[in-house]
Structures are given as C-alpha cells and as structure tokens.
Amino acid sequence: MLAERGAAVRPISGGTDVMVMIKDGVLKEKELLDLSRLEELRYIKEDGELIRIGARTTYREVERSPVINAYAPILVEASKTIGSVQIQNLGTIAGNLGNASPAADSVPSLYVLEARVKLASVNSEREVGIGEFFLGPRKTVRRPDELITEVSFRKMEPGSHFFFKKLGLRSANAISIVSAAGILKLSNGKIDWLRLALGAVAPTVIRSPTAEERARGAELNEDSIRAIAEGASTDARPITDIRGTAEYRKKAVFGLVYEALYEIMSGSGKRVVFGLEGRG
Amino acid sequence: MTQETYELYRYLNRSIPRLDSEQKVRGELKYLTDVYPEGMLHGYVLRSTVAHARILEISTEEAERAPGIRAVLTYKDIPGINGYGAIVPEIPVLAYERVRYYGEPLALIAADSMEQAKAAAEMIKVRLEPLPAVLDVDEAMAEKVKIHDKGNVARHTVVKRGDVSKAEAQAHLVLERTYRTPMQKHMFIEPEGGYAYVDGSGVVHVLAGGQSPYRDKLQISRVLGISPEMIRVKNYPTGGAFGGKDDATVQIHLALLAYRTRKPVRLAWTREESGIAGYHRTASKITIRTAVDREGRLLSNSAKIVLDSGAYQSFGPTILDVSIETINGPYRVPSYLIDAYLVYTNNGIASAFRGFGAPESNFAIESMMNELAAELGIDPVEIRLRNILRTGEEGPFGNVIRNSAGLEEALNRARSSGIWRRANGSGWIKEGVGVAVAIKGVGFGTLPDYPSAAVEVIPEGKVRVMFTNPDYGQGVITGIAQLAAERLQIPVSEIEVINADTMHSPDTGSSSASRTTLTAGSAVVQAIDEALSKLRVEAASSFGASSSEVQYSGGRFMYRDRSVTIYELARRLRQKGRSLRFEATFEVPRYPEPVEGTLEVPHMMYMYGVALVRAGVDALLGKVNVKEVEFYADIGNVINPSIASGQVEGGVVQGLGYATIEEYRYSDDGRPLNINFTTYVVPTARDSPEMYVEFVKSYDELGPYGAKGVGEIGIIPVGAALAEAVYRATGKRIRDLPITPWKLV
Ligand SMILES: Cc1cc2nc3c(=O)[nH]c(=O)nc-3n(C[C@H](O)[C@H](O)[C@H](O)COP(=O)(O)OP(=O)(O)OC[C@H]3O[C@@H](n4cnc5c(N)ncnc54)[C@H](O)[C@@H]3O)c2cc1C
C-alpha cells in the first residue's frame, strides 16, 4: 500500500496525533494505514549492549518494562510526562517521532540516548541517527513508502545521572513550553561528559553543544552549573507562540537545566542503577 | 437560629447524592446534543471570518439549489425582529449591514446531511468590505473607528457618594493602581447545541442546553414573530453553563430553521465553534484610588471601571452594575466616586460568567486592600476586620446590612488558620500565603423578580416539583428536592423534579446570579404550603372536623385517631375532577429603587467568602504552583454540604485557572486564537490544590430555611488571594491576570 501510493497514505498507530489532525481537518492524505494490529512491532528487546523498541510499543509499556527501567530509566521519566494515562495507553514513541513536533516529549531523551531509528519499506531497510531523522517541524527523512519499525539505543552507563524536565502550563495534558533531557557521567565530583537535549526551542529538538562543552571536565558546583545552564540558554533559538515568548523560553531553559543539575549536585537527582532505578 | 433547630431538619444539612449522578456516572444521561431525532435535518451556521466589515453582499441563490438543502436563511428571512440580547435586543440574529466580530453568523443552513450543509455554505457568495478591527478598550474609547453608529461606549455611568477629594486630602495614605483581568472562556463539557421541531398544532419545540427557558422563549417569539404560547423551550439536562448559556446561543437559530422547514433540526456547535462564537467573560481594566487613615480604615474609594463588552451588549449593562457594587467590597466606604464604562470592541461577545463582574472588580479592590496592608504594615486579615460592615450598619449603597456575622466569623477563622505557618519554600521555590474576601449579591438586586413554581401531588405516591431554573450540573434539582422533602416531611425519594421545561413549569427565571436556591426554593416551599392548605381542607372535611383541628406530619393529615395521606387525598380530588397542581409565586425581597446611576444596585441578600491561598513560585521558571486553598464562606443555611462544597471547590479551581493560565486571546486582526482545549488550557484534577471548605454557621431569614446561594462565591476572591501569595513569595506584585510564568522571571 505504501509502496504503491505512499504519499497519499497516512500511517496511524495510537492515533493520538492523527485523530486530532483528522478532526481539525488538516490531514492531507485520504487514506489511513492502520498499524495498530502489527503485534510483531510491539516489543522491548535486550540485544547485548542495545535496547530495541518496536514501533507499536506504547508509553505505558515503556514505563512498565523492567528492561527500560533498568537500562534506560530516562525514557520512563519522559513517558510519564506524556499527556495523561489515557494518552500513555495509546500513544507510541514511533508516533512521537512520526509526528515530528519540536515539543515532542520522548524525543529529547532519545537524543541523549543517541538513538537510531529504523525505517523499512517493502524492499529496503535503513537506520538513521536521531539527529538526522528530523528535518523540521512535521518533517522527517522518512520516505512515503517507509515505516518506522524500531528505535534502538545503547544501554545507559551504570551510575550515570539523568533527568527529563518538562515545563508545561499545567500538570497533565500539557504541551511543553520547553523541555530538557540530560545524561551526565560524574567521576570524583568532576563531569566526564554531559549530553543535553532541549525541546521546543528550535525547529527540531536540539543538543546543546555549548552546555556540553562547558561541562566536559568541570567540577560540579554552583558556578559550573550556572555556566552550563547559560550555555544551554544560548543555544536555544525559540520562537514566540501562544504558549510562551521566545525571551521567556530562553530563561526557562536556564531554569530547567540549572535545577536539574543542582538536584544532581545535591544528591536528590536520579541515577542509573542496573536492575532497578535508584536515587542519588 | 439556634443550634437545636439546625438538628431538627430531616432532609436539610445532609449530603445526599445528586438525584442525577447515578445516570451520569453510568453514562446514561443524554444531553440534548446527544439526541438525533428521526428524520432530522442538520443545521449549520455560516460565520464571518473577519472581525469587522461592511457587508456588501450575501447571495444564497446557488446554495439554495444545492443538493439536500432544505433552507438557507439570511437576515432577510427573519419573520420578526432581527435582534436578541438579554438586556437590549441589539445582537443581530443574522448579520445585517455590518459584521462586528469574527464568527458572527451570516447565514443558516438546514440540509439532509452535514456534508451537504457545508458544501452549500461554500456556495454562499459573501462580499465584505473590511474595516479596522478595534480590540483594545482604550482604542475603542478614542472613537477613531466606530463599531456602532451611536459610538463605542455602550453604557457610561457615574455612581457617587460624599466628597472624595476632601477625604483624600485628610488621608494618611492614598494609593492608586491599575488592575486588569482577561477574557475567560466557560469551557463547559457540552458545547452549545440541541434540536428543535414543530408539532402538529404548530408549537415550536426548542430543546437545547440553556440557563433561562422563559427568556429564550420570549427571545425566540420576537424573532419568529409569533406568540410565546406557540413556543416551548426545554433546557434540562445541560452539560455545564457557568453563565455562557444564559443568553441565547443556538435556540433562536434552531427555532428559525425548524419553523421554516417544519422538520426536526439539530444544531450543535463544535468545540471550535464554541471557542469562536460562544460568549466569554468581560475583560476589565480598573484604575482604583483608595484613601485610608493611619489605622487602615477606608476613607474613600474612586474607581474607573472599563469592561470590554465585545461587539454587542448581551448582559454587559448588568455585569457593569455588579462590578460597581463589588468595587467597594464588603467595606465601610464613607465616600466614593465610581466612573464606569461598558465599551464595544470587535472581541466576540462578552456575557455572563460565574461572578458576573464581581471577580473583575474583586481583583482590583482586594489587591488594593493587600497593597494597603503591606504599605501600612498591617496584617491583611486585620485590615479587613477593621473595615467590614457589621450587622445593622448601612452599606455604601444605602443598604442596611442585615447579617454580616458570617463574614466576621469567616475572617476570624482565616486568621487562626494553620496555613500561615505552612509557607516554607526552600531553594528556588518561594512560598507565600495570600488572603482575599468576597461579597456577592444573590439575585437581581432591585430589579423586580417574581419566580413561580408548581407542585403536583400524584396519587401513586409522588410529589412532582416543577420549576425552570435549569440544573446544568450545579445540583439544583437535588437541593430543591431536599427543600421540598423538608417542607412536606416526606423522603426525597418521593419527590420527582421536572426541571427547566416551559411545557410543565411556570416561570422561575434563570439559573444565574446564585439565585436558584432563593427563587426556586422559596417558590416551591410556597407552592407546597398552597398544596397543604388545600389538602388540609379536604382532609378536614373528610374527618368532619375544622381544618384548624387537623395536624400534619410526615405526609399525612391527622385528626384524633384518624389519618389520611396526601396521596389518598389526591386520589379523592382526582375522582372529583379537581386539579392536583398547585402553583405559587414568590416575591424576591428587594429595595424599591436602585442607587442613582445604577440599574439594580444594591441587593438585599449577600453571600460572603474568605479565600486563603498558599502558593509556591519557582523563581527560575516563574511557575506558580498552588499548594493549598482554604475557603470560609457564609452562604446561609447549607442544604447539601457536599454539593455546596463542590460548588466552592469548582469555583476555586476555575478561579485558579483564571488567575494563572486562562486567557482568551485575539490576533491583531481580531481572530480568536485559543478556541479549543489544546490551546485554551484549563486546570486539570492534577492541578487542583489541597482544598478545605468551611461554611460558617449562618441563617438568612429571607431565604428558604435560611439558605442563600453558593454558585458564584468560590471563584470571586481567588485571583487577588493568589496574587498576594505570589507577592509574599517573590516580592512581585502582579496587577494583571493571569499570573503567567513570563510575568515572574
Ligand atoms: C491529549 C493529548 C495530550 C498529549 N500530550 C503529549 C505530551 O505531553 N507530549 C508529547 O510529546 N505528545 C503529546 N501528545 C501527542 C501524541 O500523543 C504523541 O505524539 C504520541 O507519541 C503519538 O503516538 P501515536 O501512536 O498516537 O501516533 P499517531 O497519532 O498514530 O501518529 C503520529 C504520527 O506518526 C506517524 N506514525 C506513527 N507510527 C508510525 C510508523 N510506525 N511509521 C511511520 N509513521 C508513523 C503517523 O503517520 C503520524 O504522522 C498528546 C496528544 C493528545 C491528544
């Protein structure tokens, strides 16, 4: 179906974006391709150092998966912030990718997990890095004849710290004004590396090179936290819309990153402990 | 009222479940928009997509010939008056000559299918000459662009007493501040809609969500040019209203389409249509200057109140009155000067919304009281205790305060609350507690108000209670059933309510102004007394006794060792062919004349409330997190504590939305921007703080069994209390709602 007339067909998975588009009358395609019964794409697999998540896996399944809780708890954090329980029961990570909103809440975590997205058509299969997958708001490299079949990433390092912070106008069913995901490796009070991604501050989710650069080798203290958070704010290129002004978004990026790192410094942040997710 | 008599009630002061909650929980209750009558046509409204324009042409010929089209109506097809509006019938039913807001209806279509209706709408030729959109009240008052030929000020009035400049000259401190509040959307669960049909005898039936069936009926009759007798309106059940269904929404359009096509027609707005064309709360800009002595006692109050009415008036004139009445708070204000304006803009149509002008003015006066307290170094509860009117005193509008003990007690409860000690932020989270008080009149002030109700004793063992104040989720039918049960001394299960249907009930008026308990409650009690006095005579005659010798208790009349139930008496009356229906009209107590310059100020009955809000502010993100709200209220005797608390809690959360995230907005060219739940966000259950609601003991002898009203009190003081909490937390005074994060960083 996709191979023959891909451009005229819209895949629908959980439908939590597609149904809204249909209702708003903005869906261009005349036909839907229902993926909801593709049970073979509903999986979470451990594959050596890799975790593979099938395209039909819902947020709820991610949240409940022992494998994700053990090796990629940042994705659990992120999944819990998506919409509400009803949305988490239906929505999929692949759908979040396919929808390609700069405010998508699973995507910053996938950026810092340096995930890869598998795209398959009737006679081809390829994998692209998450950073290359998105071209802009609602635009991806997916060809009309392809489906997203899987997202994969390496297990998080034991002992690494992580966070996903989302700022919305309310506590459920809120679209992010800004969001930030980070994984940080500390040794002896020094930052080995930080991977930091920001949502809703550019046409796609972005990594923050300035913040990551400032973090490398720095002591984790109030000064460095401030410098890193300022770096993130500099890298943000937000717009003004109904959910917030550009100026505010830049300040909020600073706030989110500062608070997240401060929590890690003061021992109240989250940390990867294989087998179970632990604190401090 | 003593403690003992409280405990004598059998059916009052009791939290019985709502009579319709089981049906609602099971999903069995059908709103009127859930009904799809057989053989119905689909109604559709073609709306303007510009905010302000001269209409050059609307041609419907092609659309009329389109497949499946049964009617295409423009202003030319209106048999009666092309105008409606609760106060002044100036809102065009269908646009004529001018378009004054984005979404204004241009034409109505009835078709066999919705697709056909929409296709036909595309074929209607509309030529408009755009005019500049005026979206700001100051710009409107400059009168450069006239929205109406008569000018942009719909109503201007000055209300005054004493000599303000003299008071200010003698004052220890005079503060002047400008406060603003935004437009707010009702966002009820059921958008505006319903259906209509014409029966064999030519009666036009309109069944649609609404708040005022008899006013709807009257407005429809004027537009159709037929007698109100030929119209029936039913409003029950309605899925939320909050004032947004008080004036007509779909009713007139439905009636026009059914009247023209003689077929059942369904017309239901989508959420987005409701977002575009539904009503909203007036935005306000209030500059207030208040003078106090050293101890914080008010000497004078001046205010310039400007309310944004939008393109037409709807309830604007009386909303302005309530904002005038509210601007002096529940305080002793020796002299005041209130300069009040209701201004036209191209921002949709502002209309009733819970509180009706009170939340707007309350934000100004209560923020001012908090600012004065801070300037003077007086505790914010204390400054209020020094200024509130006490029982027997004359209020600023010449009304004698009959009973204010409740407010004083509420303030004392608030002062001793533990909440003050619980504000303990740390790090970047700053916490503060704020207070504000509210006063709100119950009913229509000095406007004549004669609500009627009826009861019918059914021999099979039920008493049917009929009144028209719609229950749109507030629990009215339950509260009134409890009052009826109490009066009759029979279980609530024997009461059957017929609500909001002009076919069955006399006119009890609208569900608005927190008046339903007073109006329906009093009229029903009176109708029951009427019934009991008639039945008593009947009982006496059967006993061969005089009626004064007959006792009544628990649904039976007794004389010596004999007794007869009201149902048995009803059976006998029915056999004699006599009516079992008893009707009564209540006269709402009021002052004979309004204060000069007003339409309906003052009221005789007031509710009071004190809100305490504890909020945390994330100093880096500017995000306000409301932790806890305590609300002490005087609502008179409480008929159903759980429903009453629910009203306060719901009002508080709606007030928190208003104070933090809700703001209905227009683009620079007058297109509404946030018209659905994705873009117009309201608080969710997760955003609701811990809440504690307490009703202080109170009894108002003007109300049924001492009850007053409750619907509006919760929302009114929330904005000012939250702004004060934020100030205590951060040192920042926010004078324009909502308190969005970007105002705090
Ligand atoms: C009330 C509500 C709240 C929400 N809250 C949030 C939130 O907090 N954070 C957030 O990020 N999002 C939120 N969303 C958006 C949405 O839930 C997410 O984007 C979700 O991940 C979409 O997944 P889905 O399976 O429902 O996608 P669908 O709606 O089925 O599809 C979304 C898009 O992805 C494409 N697609 C889906 N699967 C594939 C596939 N296998 N291959 C190729 N293309 C595919 C579809 O064609 C479509 O373009 C919310 C939505 C609603 C309605």
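Each chain has its residues counted from 1, running along the sequence as written. Labels follow written order: the first chain is A, the first ligand is 1, and so on. Per-residue local features are limited, in this predicted model, to residues with pLDDT of at least 70; the limit for side-chain atom pairs, both in listing and counting, is 80 or more; totals at the level of whole chains, interfaces and linings are taken over all residues.

Peer 1: Please provide a residue-by-residue account of the overall build of chain B, values included.
Peer 2: Helix numbers and strand numbers start at the N terminus; a helix is a DSSP run of H or I with at least 4 residues, a strand a run of E with at least 2. Per the secondary structure count, chain B includes 18 helices and 26 strands. Taken over C-alpha atoms, the radius of gyration is set against a globule rule of 2.2 Å times the number of residues to the power 0.38. Computed over the C-alpha atoms, the radius of gyration of chain B is 27 Å, within 12% of the 27 Å expected from 2.2 N^0.38 for a compact globule of 745 residues. Dimensions along the principal axes, computed over C-alpha positions, put chain B at roughly 75 × 75 × 50 Å. Residues counted as buried form 59% of the 745 residues belonging to chain B. In chain B, once contacts between residues fewer than 6 apart in sequence are set aside, the share between residues at least 24 apart is 80%. Three classes are used. A residue is buried when 20 or more other C-beta atoms lie within 10 Å of its own, exposed when 12 or fewer do, and partly exposed in between, with C-beta atoms placed from the backbone. Note on contacts: each residue gets a C-beta atom placed from the backbone, and two residues are in contact if those atoms are within 7 Å.

Peer 1: Talk me through the overall build of chain A; I want residue IDs and the actual numbers.
Peer 2: Secondary structure assignment for chain A yields twelve helices and 15 strands. Its C-alpha radius of gyration of 18 Å places chain A within 12% of the 19 Å reference for a compact globule of 280 residues. By its C-alpha atoms, chain A is 55 × 45 × 30 Å across when sized along the principal axes.

Peer 1: Report on the pairing of strand β10 (residues 204-208) of chain B, specifying residues and quantitative values.
Peer 2: Residues and elements named next belong to chain B. Most of β10 is tucked away: four of the five residues are buried. What sits between the antiparallel neighbours strand β9 (residues 193-198) and β10 is a turn of five residues, in which Gly 202 has the positive phi angle 85°. Pairing geometry for β10 and strand β11 (residues 231-234), over four bridges, is parallel. The residue bridging Val 206 from the neighbouring strand is Val 233, located in β11. By the criterion used throughout, a crossover qualifies as right-handed when its path from the first strand across the helix to the second strand runs clockwise, the strands pointing away from the viewer. With helix α7 (residues 213-224) bridging β10 and its parallel neighbour β11, the resulting β-α-β unit is right-handed. Paired strands, in this sense, are two strands between which DSSP finds at least two bridges.

Peer 1: Describe the domain arrangement of chain B, naming the residues involved and giving the relevant values.
Peer 2: All names here are of chain B. Each domain's extent was defined by an automatic or database domain assignment. Domain annotation of chain B identifies domain 1 (388-393 + 405-442 + 603-745) and domain 2 (450-585). Computed from C-alpha coordinates alone, the two centres of domain 1 and domain 2 are separated by 38 Å. With 17 residues of domain 1 at the contact, the number on the domain 2 side is 15 residues.

Peer 1: Any details on helix α18 (residues 718-730) of chain B? Residues and values, ideally.
Peer 2: Note on helix geometry: an α-helix contains 3.6 residues per turn, so any two residues three or four positions apart are oriented the same way. Residue and element names in this part refer to chain B. With 13 residues, α18 should reach 18 Å at 1.5 Å per residue; the first-to-last C-alpha distance of 18 Å fits that figure. Burial runs high along α18: twelve of the 13 residues are buried. Along α18, the residues that are buried comprise Val 718, Gly 719, Ala 720, Ala 721, Leu 722, Ala 723, Glu 724, Ala 725, Val 726, Arg 728, Ala 729 and Thr 730. In a helix, the anticipated span is given by 1.5 Å times the number of residues less one.

Peer 1: Can you explain the sheet that holds strand β19 (residues 495-499) of chain B? Please cite residues and give values.
Peer 2: Hydrogen bonds along the backbone pair up the strands of a sheet, which may run parallel or antiparallel. All names here are of chain B. Taking strand neighbours across the sheet as the criterion, the four strands line up as β19-β18-β17-β23 in an open arrangement whose pairing is mixed. Across the chains shown, the open sheet's two edge strands, defined by having one partner strand only, are β19 and β23 (581-585). Across the sheet, the mean angle from the axis of one strand to that of its neighbour is 20°, orientation sign disregarded. When strand β17 (residues 452-458) meets strand β18 (residues 462-467), the two strands line up antiparallel, connected through five bridges. Pairing of Val 455 across the sheet is with Val 465, part of β18. Contacting β17, β18 and β23, helix α15 (residues 516-543) runs over the sheet at an angle of about 45° to β17. Axis definition: a line fitted to C-alpha atoms, over the contacting stretch in the case of helices. Angles run 0 to 180 degrees between N-to-C directions.

Peer 1: Please give an account of the site of the ligand that cites residues and values.
Peer 2: Residues and elements named next belong to chain A. Each residue gets a C-beta atom placed from its backbone. Should that atom fall within 6 Å of a molecule or strand, the residue is termed near it. Taken together, 29 residues lie around the ligand, and Gly 14, Gly 83, Gly 95, Asn 96 and Gly 98 are the ones closest in. Sorting the residues of the shell around the ligand by element identifies β1 (9-12), α2 (18-24), α6 (85-90), α7 (93-99) and β9 (147-154) as the ones contributing at least two each. By residue number, the principal contributor to the shell around the ligand is α7, which donates five residues. Class assignment of the residues belonging to the shell around the ligand gives a composition of 13 nonpolar, twelve polar and four charged. Polar here means any residue other than Ala, Val, Leu, Ile, Met, Phe, Trp, Tyr, Cys and Pro, which are nonpolar, and Asp, Glu, Lys and Arg, which are charged; Gly is therefore polar.

Peer 1: Give me the lowdown on unusual backbone geometry, citing residues and values where you can.
Peer 2: Trans is the prevailing form of peptide bonds, just as negative phi is the prevailing case for residues other than glycine. Residue and element names in this part refer to chain B. Tyr 236 connects to Pro 237 through a cis peptide bond whose omega is -5°. Turning to its location among the elements, Pro 237 is positioned in the loop between β11 and α8 (251-261). The omega angle of the peptide bond from Leu 737 to Pro 738 is -5°, so this bond is cis rather than trans. Within the secondary structure, Pro 738 sits in the segment after α18.

Peer 1: Got a sec to walk through the interface of chain B and chain A? Specific residues and values, please.
Peer 2: Counting residues at the interface gives 16 residues for chain B and 18 residues for chain A. Looking at the side of chain B that touches chain A, its residues break down into ten nonpolar, three polar and three charged.

Peer 1: Before we move on, can you summarise helix α12 (residues 246-265) of chain A with the specific residues and values?
Peer 2: Residue and element names in this part refer to chain A. Along its 20 residues, α12 runs 29 Å from first to last C-alpha, staying within 8% of the 28 Å computed at 1.5 Å per residue. α12 sits mainly inside the fold: 15 of its 20 residues count as buried. Two residues or fewer past α12, Gly 267 is found with a positive phi of approximately 85°.

Peer 1: Which residues make up the confidence of the model for chain B, and what values go with them?
Peer 2: Per-residue confidence from the predictor is reported as pLDDT, a score between 0 and 100. Summary statistics for chain B give a mean pLDDT of 97 and a share of 99% for residues scoring 70 or more. The complex model carries a pTM of 0.96, and its ipTM stands at 0.93.

Peer 1: Residues and numbers for the environment of Gln 575 of chain B, please.
Peer 2: Positionally, Gln 575 of chain B belongs in helix α16 (residues 566-575). Judged by C-beta crowding, with 9 C-beta atoms within 10 Å, Gln 575 of chain B ranks as exposed.

Peer 1: Provide a residue-level description of the sheet that holds strand β20 (residues 551-553) of chain B, including the pertinent values.
Peer 2: Residue and element names in this part refer to chain B. What the three strands build is an open sheet, ordered β20-β21-β22; its pairing is antiparallel. Strands at the two margins of the open sheet, each flanked by one partner only, are β20 and β22 (562-565). The sheet shows a mean angle of 25° between the axes of neighbouring strands, direction not considered. Bridge analysis of strand β21 (residues 556-559) against β22 gives four bridges, and the strand direction is antiparallel. By the bridge assignment for β22, Met 558 is matched with Ser 563. Together, β20, β21 and β22 form the strand contacts of α15, whose direction differs from that of β21 by roughly 40°.

Peer 1: Explain the environment of Pro 108 of chain A residue by residue, including any values.
Peer 2: All names here are of chain A. Residue placement: Pro 108 occurs in helix α8 (residues 107-112). As for Pro 108 and Ile 225, which are separated by 117 residues in sequence, their C-alpha atoms are 20 Å apart. Once residues lying within four places of it in the same chain are set aside, the contact partners of Pro 108 are Phe 164, Ser 179, Ala 180, Ala 181, Ala 197, Leu 198, Gly 199 and Val 205.

Peer 1: Account for the domain arrangement of chain A, naming residues and giving values.
Peer 2: Residues and elements named next belong to chain A. Per the domain assignment, the segments making up chain A are domain 1 (12-154) and domain 2 (161-274). Just the C-alpha atoms count here: the centres of domain 1 and domain 2 sit 23 Å apart. At the interface, 20 residues of domain 1 touch 26 residues of domain 2. Of all the secondary-structure elements, those providing two or more residues to the side of domain 1 that touches domain 2 are α5 (73-80), α8 and β7 (134-136). Considering every element that reaches the side of domain 1 that touches domain 2, the biggest residue donor is α8, with five residues.

Peer 1: Could you give me a rundown of the packing of helix α12 (residues 380-387) of chain B against helix α13 (residues 405-415) of chain B, with the residues and numbers involved?
Peer 2: All names here are of chain B. Contact geometry for α12 and α13: axes closest at 10 Å, N-to-C directions at 165°. Judged on the interaxial angle alone, α13 and α12 are roughly antiparallel. Two packed elements cross with a definite hand, and for α12 against α13 that hand is left-handed. Within the contact between the two elements, α12 uses Val 381, Arg 384 and Leu 385 and α13 uses Leu 411, Ala 414 and Arg 415. Residue classes in the contact of α12 with α13 are distributed as four nonpolar, no polar and two charged. Orientation categories follow fixed angle ranges, with anything under 35 degrees roughly parallel, anything over 145 roughly antiparallel, 65 to 115 roughly perpendicular, and all other angles oblique. For any helix crossing, the convention is left-handed if the near helix is rotated counterclockwise from the far helix by under a right angle, and right-handed if that rotation is clockwise.

Peer 1: Describe the nonpolar core, and please don't skip the residues or the numbers.
Peer 2: By size, the foremost hydrophobic cluster in this structure holds 314 residues, and its most contacted members are Val 257 of chain A together with Ile 109, Val 524 and Leu 722 of chain B. When sequence neighbours within four positions are dropped, the list of residues in contact with Leu 722 of chain B reads Gly 434, Val 613, Ala 615, Val 626, Leu 656, Ala 659 and Ile 739 of chain B. A set of buried Ala, Val, Leu, Ile, Met, Phe, Trp, Tyr and Cys residues, joined through C-beta atoms within 7 Å, is what we mean by a nonpolar core.

Peer 1: Before we move on, could you go through the environment of Ala 283 of chain B and cite the residues and values that matter?
Peer 2: Residue and element names in this part refer to chain B. Position of Ala 283 relative to the elements: it lies in strand β13 (residues 283-292). Note: C-alpha distance between Ala 283 and Tyr 472 (189 residues apart in sequence) is 25 Å. If we ignore the near neighbours within four places in the chain, the residues touching Ala 283 are Thr 181, Pro 182, Met 183 and Asp 308.

Peer 1: With reference to specific residues and values, describe the pairing of strand β4 (residues 50-54) of chain A.
Peer 2: Residue and element names in this part refer to chain A. Taken together, the four bridges between strand β3 (residues 44-47) and β4 define a ladder with antiparallel strand orientation. Across the sheet, residue Asp 47 finds its bridge partner in β4, namely Leu 50. Taking the residues between adjacent antiparallel strands as the criterion, β3 and β4 are bridged by two residues, where Gly 48 takes a positive phi near 60°. The sheet contact formed by β4 and β9 spans five bridges and is antiparallel. Residue Arg 52 lies in a different strand from β9, and its bridge partner there is Ser 152.

Peer 1: Can you lay out the packing of helix α11 (residues 358-376) of chain B against α18 of chain B for me, pointing to particular residues and giving the numbers?
Peer 2: Residue and element names in this part refer to chain B. Relative orientation of the contacting elements α11 and α18 amounts to 35°, with a least axis distance of 7 Å. Here the hand of the crossing between α11 and α18 comes out right-handed. The residues of α18 that touch α11, namely those facing Pro 359, Asn 362, Phe 363, Glu 366, Ser 367 and Asn 370, are Gly 719, Ala 720, Ala 723 and Glu 724. Taken together, the residues that form the contact of α11 with α18 break down as four nonpolar, four polar and two charged.

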